[in-house]
Amino acid sequence: NVGYYLTETRKIPHGFASACFLPALLDITQEKAPAYADRFFRELGIARGELLRLISLCLPEAGIAMTAEEIDAALPRWENNNSVRNTCCEVSPAEIREILCALFLKN
């Protein structure tokens, strides 16, 4: 799970750390496995936009900042990772890097 890295290195509670990634992972799922994503939201009984709105309300600003070097050093954590392999669609280390950069890269 991508949240473990934040828990281990930033001492952020695991649930919060995992939830930081949820919007980006929902985007990937919608793109790569739209039938799965549609079923997820249908079974949940909530529209994607409403879930994202609720997530943003429930998660305080994390204030997490990472350098490009920190992001690159973290990427091996997701190569051949069972948590990543067991998702509904393939998520590459390059995609994880894009997510980390979008969320946390500070110049």
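Just so it is clear, the model here is predicted, and its values are computed rather than measured. (Residues numbered from 1 in each chain as written. Predicted model: local features only at pLDDT ≥ 70, side-chain atom pairs only at ≥ 80, totals over all residues. Heavy atoms only, no water.)

**Student:** Hey, could you run me through the packing of helix H2 (residues 14–32) against helix H4 (residues 48–58) in this one?
**Tutor:** Pairs of packed helices are described in terms of their axes, by the angle between the two and the distance that separates them. One way to put it is that H2 packs onto H4 with a least axis distance of 10 Å and a crossing angle of 165°. Taken together, the axes of H2 and H4 are roughly antiparallel relative to one another. Every pair of crossing elements has a handedness; the one defined by H2 and H4 is left-handed. Where H2 approaches H4, its residues Ala19, Leu22, Pro23, Leu26, Asp27 and Gln30 are matched on the opposing element by Arg48, Leu51, Leu52 and Ile55. (Axes fitted to C-alpha atoms, helices over the stretch in contact; angles between N-to-C directions. Helix = DSSP H or I, 4+ residues; strand = E, 2+ residues; numbered from the N terminus. Parallel < 35°, antiparallel > 145°, perpendicular 65-115°, else oblique. Left-handed = near helix turned anticlockwise from the far one by under 90°. Contact = heavy atoms within 4.5 Å.)

**Student:** Sorry if this is basic, but what is going on with the pattern of salt bridges here?
**Tutor:** Side chains that carry opposite charge are capable of pairing whenever their charged atoms lie near each other. With the rule as written, the count across this model stands at six salt bridges. The partner of Lys32 in a salt bridge is Glu95, and the shortest N-O contact between them spans 2.8 Å. Placement of the pair is Lys32 in helix H2 and Glu95 in helix H7 (residues 93–104), with a sequence separation of 63 residues. Take Lys32: its relative accessible area is 35%, and that puts it in the partly exposed class. The class of Glu95 is buried, set by a relative accessible area of 18%. (Salt bridge = Lys/Arg side-chain N within 4 Å of Asp/Glu carboxyl O. Buried < 20%, exposed > 50% of the residue type's maximum accessible area, 1.4 Å probe, protein only.)

**Student:** Help me out: how do you make sense of a nonpolar patch on the surface in this one?
**Tutor:** Side chains of Tyr36, Phe40 and Leu44 sit close together on the surface and give an oily, nonpolar patch of about 300 Å² of accessible area. Turning to its location among the elements, Leu44 is positioned in helix H3 (residues 34–44). (Patch = residues over 30% accessible without salt bridge, like charges linked within 9 Å, V, L, I, M, F, W, Y side chains within 5 Å. Areas by Shrake-Rupley, 256 points an atom, 1.4 Å probe, with all protein chains shown as cover.)

**Student:** Hey, could you run me through the packing of H2 against H3 in this one?
**Tutor:** Following both chains from N to C, one finds H2 and H3 inclined at 125°, their axes separated by 5 Å at the closest point. Considered as vectors, H2 and H3 are oriented oblique to each other. Taking contact as the criterion, the partners of Leu26, Thr29, Gln30, Glu31 and Lys32 in H2 are, on H3, Pro34, Tyr36, Ala37, Asp38, Phe40 and Phe41. Its residues placed into classes, the contact of H2 with H3 shows six nonpolar, two polar and three charged. (Nonpolar A, V, L, I, M, F, W, Y, C, P; charged D, E, K, R; others polar.)

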